[in-house]
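Here's the letter readout for the chains.
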Amino acid sequence: MPQRVWGYLNEYAAEREDLLDAVDTVFRSGQLVLGASVRGFEREFAEYHGVRHCVGVDNGTNAIALALRACDIGPGDEVITVSNTAAPTVVAIDATGATPVLVDIRADGTYLMDADQVEASVTPRTRAIVVVHLYGQCADLTALRGIADRHGLWLIEDCAQAHGARRDGVRAGTVGDLAAFSFYPTKVLGAYGDGGAVLTDLDDLAGALRRLRYYGMADTYHVVRTPGFNARLDEVQAEILRRKLRRLDGYIAGRRAIAERYDAALAGVEAVRTPVVAPGNTHVYYLYVVRHPERDRIIERLRDEGIALTVSYPWPVHRQTGFLRLGYKKGDLPVTEQAAEEIFSLPMYPSLPPADQDRVLDALLRAIG
């Protein structure tokens, strides 16, 4: 379903000249596919994270799918992830032919993967863990890295919602064997269209990813690996991302400032559960997710005042009709299921004006009563 990205109206006004120059730079270069802008963004995004390789791809879903394929994961294999995530995480696993194995989230209010359940779900068919860094903060990478190492599994980080996030000083995307990013326009680092990337320190995986995104070719017209895909990051989006990467820390600071205002306003409201930050985490607040047992009533009240709130996510993956064939029943993942009935997100983007923040808070407090 097409989405209008309201936050970009303010952001575009502030950054318009630089963004138009980015487009003009690409058009004047004469190289519109896998040129200097893609190479430059790959180099700079890798440097930002302190890793050896970044491979730009066309979207975040394919970033996960190609990361799995680079590890030769496919039919007959199992990949552990969570049900409390955007469906594309699981769609990407499914696209490889592997079987998604879904575990519950922690009951501590962070909504992050429960590492204990991951360990209990490992079987002889398990090949990888896809850990989702949700809403802007990191899951327990130390525990998950330990599980992966003990069982000989690939650890793949889904960083679509965690650009720049850290846990114990370690940046998201630098602990796993591979890390997948989305640059969908609403992300902390967003393009003006689709885009994605995979980070890795492993030379062989980086080489496999570069072939996989380009039909399986090592050189023009010479396929060395199948299946290959046309999954390249666009030059225009890459150049836009290069410009915006320089402002990423500023975007994060803006999001954190809004979260602090929300926290302060809701601190004494017992009925609303505000975001819980896991110990050691630097939250970048891709989403500001709150919780109330009368979520649907509150959303309707605010809609009447012209304020649209989102729910991420109203349907756990294992309860969606497209994945009922996996065999999960209602009640199998109780923490995830309960959260899905109560969570909703307050508006969050760096250029959200203070007056609009106050309007949201005032309307929310009136709706709660």
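Not measured: the values here are computed from a predicted model.

1. A look at empty space enclosed by the protein
Across all of its chains, the model carries one cavity of 30 Å³ or more by this definition. Put simply, the largest cavity is a space of about 60 Å³. In terms of lining residues, the largest cavity is bounded by Gly109, Thr110, Tyr111, Leu134, Tyr135, Gln137, Pro275, Val276, His283, Leu287 and Val289. Of the residues that constitute the lining of the largest cavity, the class distribution is seven nonpolar, four polar and no charged.

2. A look at the environment of Val223
Structurally, Val223 is set in strand β11 (residues 222-223). Through-space distance from the C-alpha of Val223 to that of Arg303 is 53 Å; in sequence the pair is 80 residues apart.

3. A few points about the sheet that holds strand β7 (residues 170-171)
Reading across the sheet, the three strands line up as β7-β6-β12 and stay open at both edges, with antiparallel pairing between neighbours. Of all strands in the sheet, those with a lone pairing partner are β7 and β12 (281-282), marking the two edges. As defined by bridge partners, strand β6 (residues 166-167) adjoins β7 across two bridges and the pair is classed as antiparallel. Within β7, the position partnered with Arg166 by the bridge is Arg171.

Scoring rules and cut-offs
- Residues numbered from 1 in each chain as written.
- Predicted model: local features only at pLDDT ≥ 70, side-chain atom pairs only at ≥ 80, totals over all residues.
- Heavy atoms only, no water.
- 1 Å grid on protein atoms, 1.4 Å probe; cavity = no way out; pocket = protein on both sides within 12 Å on 5 of 7 lines; lining within 4 Å.
- Points joined across faces, edges and corners; volume = space filled by probe spheres on them.
- Nonpolar A, V, L, I, M, F, W, Y, C, P; charged D, E, K, R; others polar.
- Helix = DSSP H or I, 4+ residues; strand = E, 2+ residues; numbered from the N terminus.
- Pairing = 2+ DSSP bridges.

Keep in mind that these numbers describe shape and distance, not what the molecule does.
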